[in-house]
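# Structure at a glance
Okay, here's what each chain looks like letter by letter:
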Amino acid sequence: MEEEEDIISTLPDSILHQILSSVDTKAAVQTCALSRRWRYVWVSLPNLHFDYDEFPGADNGTKMRRFARFVNRVLSLRDTSTTVSRFYLWSSYYLDPGLVKNCIFYAFQHNVRELMLWAPYPKPLEFHTFESLTSLALVCNDFSTPPDKPLGLPALKTLHFSCCSYGCANFITETVGNCPNLETFILDDLMLKSLNITAPNLRNLELAYKDESCNESEIVVSAPRLTSFKLEGEASPVFSGASLHCLQNVHVDLVPCFNDEWHPLDAGIKRRMPLNVINMLEQLREANYVTLSAKTLEVLAMDPDSLNNRPSPFRKLKHLKLTTPSQSLHLPLNVITYLTKGSSCDTLVVEFP
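Note that the structure is a prediction, hence the values are computed from the model and not measured.

Regarding its fold elements, the protein chain presents ten helices and 15 strands. When its C-alpha atoms are laid out on the principal axes, the protein chain stretches across 75 × 45 × 40 Å. Of all intrachain contacts in the protein chain linking residues separated by at least 6 positions in sequence, the fraction that spans at least 24 positions is 58%. When the accessible area of the protein chain is evaluated, it comes to approximately 17,200 Å², of which 51% is carbon and sulfur surface.

In structure tokens:
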């Protein structure tokens, strides 16, 4: 054991930083007690990961104060000459607004490249213009009130928002417009009636809806370099796509709307939903590789008459994958025929869990 410890201790700081970056920052700081060699290794860590949920102690005011003191102490003792590659702040509970603002400002001062804020953020959210930031995730438990101003991140390539509610549509549109180099955009737990995305360099777009009322959701996409599109969740998409000539991969997993006493289904929405999906698939016609869930096929099967005499929506289709939760689940043959009729599809795969 002593020999192994000596071998590890002789490794350069850059290797030790890689090792410590795989654990929470609290665990990384605790390595200072291992030996004199390890005492100050953590102060120049390029990746910081603060996780309130993993912090020891019962969830109460005392734990919150201890966590805030720990984070602020780490930031104050850290080597200020070292840049920050990744900064993660994670919590299922409301953190002190001053702590969140301090973390954002510290990341800004140290030229952070990847920032994840997984915590209810203070309002208004003060976001600086991060010239160095290439990846941002705002995964917030309360995104019903968007930041006062759209974000401006000129170097950003990956953007992930979660829990965006009805008041966020303009914020999302303007933020995407302010990120000219954006290549990947992920939106999950969406509850939006309208979404307008114009992004000249976007390659990958993922949308996941979580709207139990299952309203019709207008989706407008203008992305001439888009190669991959994914849509899933509880939604009836009213889709409009422009300049999607580079599209290759499409993944759709829609859940039929609920129809119970808590979520009464509008008859008009139910009637239009399969037509909305057909219209969307036809606008995604350039795709070569398509994955559709059994639930999506179920939506299409709600209106069999609309499928008659229609060619496949995917004129360049090569590979069709159908995902189903059970081998015994019946896949509607007329829908499969509609998807492949007149196409050049040479591979059909049915995938089980």
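This part takes up the environment of proline 97. When you line up the elements, proline 97 lands in helix α5 (residues 97-109). Along the primary structure proline 97 and proline 120 are separated by 23 residues, whereas in three dimensions their C-alpha atoms are 9.0 Å apart.

Our focus in this paragraph is the pattern of salt bridges. Under the definition given, this model contains seven salt bridges. In this structure, a network of salt bridges that share partners links the residues Glu286, Arg315 and Lys316.

Our next topic: helix α7 (residues 267-283). The end-to-end C-alpha separation of α7 is 25 Å, in line with the 24 Å expected for 17 residues at 1.5 Å each. Along α7, the helix axis deviates most sharply at methionine 273, where the bend reaches about 35°; the proline proline 274 sits within four residues downstream.

Here we take up unusual backbone geometry. Of note, serine 243 is a non-glycine position whose phi angle comes to about 60°, a positive value. Structurally, serine 243 is set in the loop between β11 (236-242) and β12 (249-254).

Another aspect to go through is the sheet that holds β11. Spatial strand order, β7-β9-β11: three strands in an open sheet with parallel pairing. The open sheet has two edge strands, β7 (194-198) and β11, and neither has a second partner. Each adjacent strand pair in this sheet contributes to an overall mean axis angle of 10°, direction not counted. For β7 and strand β9 (residues 216-222), the ladder comprises five bridges, and the chain directions are parallel. Of the residues in β9, the one forming a bridge with threonine 198 is serine 222.

Here we take up the pairing of strand β5 (residues 158-164). Counting buried positions along β5 yields five of seven residues, so the element is predominantly enclosed. One ladder, built from five bridges, connects β5 with strand β6 (residues 184-190); its direction is parallel. Across the sheet, histidine 160 pairs through a bridge with isoleucine 186, a residue of β6. With helix α6 (residues 169-177) bridging β5 and its parallel neighbour β6, the resulting β-α-β unit is right-handed.

Our next topic: the packing of aromatic side chains. Applying the stated criterion across every chain yields a total of twelve aromatic pairs. When the ring of phenylalanine 50 is compared with that of phenylalanine 70, the centres are 6.2 Å apart and the planes differ by 75°; the resulting orientation is edge-to-face. Of the two residues, phenylalanine 50 is situated in strand β1 (residues 47-51) and phenylalanine 70 in helix α4 (residues 61-77); the sequence distance between them amounts to 20 residues. Ring centres of phenylalanine 161 and phenylalanine 171 lie 5.6 Å apart, and the angle between their planes is 35°; this geometry places the pair in the tilted category. With phenylalanine 161 in strand β5 and phenylalanine 171 in helix α6, this pair connects stretches of sequence that are ten residues apart. Each member of the pair, phenylalanine 161 as well as phenylalanine 171, is classed as buried. Put simply, the rings of Phe50, Tyr52, Phe55, Phe67, Phe70, Phe87 and Tyr93 touch in pairs and so form one group of aromatic residues. Cation over ring: arginine 86 sits above tyrosine 88, and NZ or CZ is 6.0 Å from the ring centre.

What counts, and at which threshold
- Residues numbered from 1 in each chain as written.
- Predicted model: local features only at pLDDT ≥ 70, side-chain atom pairs only at ≥ 80, totals over all residues.
- Heavy atoms only, no water.
- Helix = DSSP H or I, 4+ residues; strand = E, 2+ residues; numbered from the N terminus.
- Contact = heavy atoms within 4.5 Å.
- Areas by Shrake-Rupley, 256 points an atom, 1.4 Å probe, with all protein chains shown as cover.
- Salt bridge = Lys/Arg side-chain N within 4 Å of Asp/Glu carboxyl O.
- Expected span 1.5 Å × (residues − 1).
- Bend = angle between axes of the 7 residues up to and from the residue.
- Pairing = 2+ DSSP bridges.
- Axes fitted to C-alpha atoms, helices over the stretch in contact; angles between N-to-C directions.
- Buried < 20%, exposed > 50% of the residue type's maximum accessible area, 1.4 Å probe, protein only.
- Right-handed = clockwise from strand over helix to strand, strands pointing away.
- Phe/Tyr/Trp six-rings, centres within 6.5 Å; stacked < 30°, edge-to-face > 60°.
- Lys NZ or Arg CZ within 6 Å of the ring centre and 35° of its normal.

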